[in-house]
Amino acid sequence: MPKAVVSEERRRRRRPTRSGTVLSEQLIVDTALRLLREHGSAGLSARRLGLALDCDASALYRYFRGMDDLTLAIGDTLIGQALDGWRPTGAWREDLRRLGMRIHAAYVAHPQAAVLTTSRVTGRANELAADEAVLGVLRTAGLPVAEAVRVYHAFIDQTLAFAALDAASLALPNAALRAEDEVWRSTYGHLPASSHPNIAAAAPLLATEMVRSAYPSALDLLLDAVQARLTA
């Protein structure tokens, strides 16, 4: 049975850890992000967190119902980082583009955490704030509610899908990532036009284009489609 989460007020009354650290949800999330960055998803466990925080692993369950609850909190923290400093200006296209790029960048900055969290629905404060913001921008732009929901769905899923794809690449060992990038030059760049005329013609461009994220281009295509609907 999941353990009850202790109220924030009661948590603050608890004594510091052995090293003098006062636990908090944010400290645990920040430590989890560090462990994910250093050790990958296999390195994230209650035991390892307890060692990193110099506390008994059971203390974590005063703050989170379990490791899955912590995973949701990690995802919500990344969304919060994306929202920090973003404000709508009334220019719907620029507002959505900036927000999409911020969300994508926040996840890609923590690739191991992104792989764990991009597919999750947290229902937490930052996720709700982001969803409210996107729907608000779309409705203010003039889309009716049903159309705004469809565009919101495409916008957020596209953003998170590219974040997951790009994060998965960044989470690879450096040698594997370099080897994959080299394929565009060593293999695609040497295919003969007689057997692969289209690849041969595009090979120099593929070698530079395919090693960077396609998200900005995909986002612009989506926003172009929204603009066309608004114009129509």
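Residues numbered from 1 in each chain as written. Predicted model: local features only at pLDDT ≥ 70, side-chain atom pairs only at ≥ 80, totals over all residues. Heavy atoms only, no water.

- The name given to the protein chain in an unreviewed UniProt entry is TetR family transcriptional regulator, and the organism recorded there is Actinoplanes cyaneus.

### With respect to the overall build of the protein chain
- When helices and strands are tallied, the protein chain shows eleven helices and zero strands.
- Beginning at the N terminus, the succession of helices and strands in the protein chain can be written as α-α-α-α-α-α-α-α-α-α-α.
- Viewed in the frame of its principal axes, the protein chain has a C-alpha envelope of about 70 × 50 × 30 Å.
- In the protein chain, which comprises 232 residues, the proportion classed as buried is 38%.
- Looking at the protein chain as shown, the accessible area adds up to about 13000 Å², and 56% of this sits on carbon and sulfur atoms.
- On the protein chain, the mean spot of the 27 positive side-chain charges and the mean spot of the 25 negative ones are 7 Å from each other. (Helix = DSSP H or I, 4+ residues; strand = E, 2+ residues; numbered from the N terminus. Buried < 20%, exposed > 50% of the residue type's maximum accessible area, 1.4 Å probe, protein only. Areas by Shrake-Rupley, 256 points an atom, 1.4 Å probe, with all protein chains shown as cover. Lys, Arg positive; Asp, Glu negative; His and termini not counted. Charge placed at Lys NZ, Arg CZ, Asp CG, Glu CD.)

### Some details on the confidence of the model for the protein chain
- Here the protein chain shows a mean pLDDT of 92. Residues at 70 or above account for 92%.
- No element of the protein chain has a lower mean pLDDT than helix α1 (residues 8–12), which averages 54, and none a higher one than helix α5 (residues 92–108), which averages 98. (pLDDT = per-residue confidence, 0-100.)

### A few points about the packing of helix α4 (residues 67–83) against α5
- The interhelical angle for the contact between α4 and α5, taken along N-to-C directions, is 135 degrees, at an axis separation of 8 Å. As judged from the angle between their axes, α4 and α5 are oblique. Here the hand of the crossing between α4 and α5 comes out right-handed. Along its contact with α4, which presents G75, L78, I79, Q81, A82 and L83, the element α5 presents L99, R102, I103, A106 and Y107. (Axes fitted to C-alpha atoms, helices over the stretch in contact; angles between N-to-C directions. Parallel < 35°, antiparallel > 145°, perpendicular 65-115°, else oblique. Left-handed = near helix turned anticlockwise from the far one by under 90°. Contact = heavy atoms within 4.5 Å.)

### Thoughts on the UniProt feature "DNA-binding region" (unreviewed entry) in the protein chain
- The UniProt record marks residues 45–64 with the feature "DNA-binding region" (unreviewed entry), using the residue numbering of this structure.
- Along residues 45–64 the backbone is 40% helical and 0% strand, and the end-to-end C-alpha distance reaches 13 Å. (UniProt positions renumbered as here; feature names shortened; annotations may be inferred.)

### Some points on helix α2 (residues 25–39)
- With 15 residues, α2 ought to run about 21 Å at 1.5 Å a step, and its terminal C-alpha atoms sit 21 Å apart, in line with that.
- Of all the residues in α2, the buried ones are I28, V29, T31, A32, L33, L35 and L36.
- Contacts from the buried residues of α2 go to α3 (46–53), α4 and α6 (111–117). (Expected span 1.5 Å × (residues − 1).)

### Points about the pattern of salt bridges
- Within the structure shown, the criterion is met by eleven salt bridges.
- Across the pair R98 and D95 runs a salt bridge, and its minimum N-O distance is 3.1 Å. Of this pair, R98 and D95 both sit in helix α5, separated by three residues, roughly a single helical turn.
- The exposure class assigned to D95 is buried, which follows from its relative accessible area of 1%.
- Overlapping salt bridges, with partners in common, bring together E94, D95 and R98 in one network. (Salt bridge = Lys/Arg side-chain N within 4 Å of Asp/Glu carboxyl O.)

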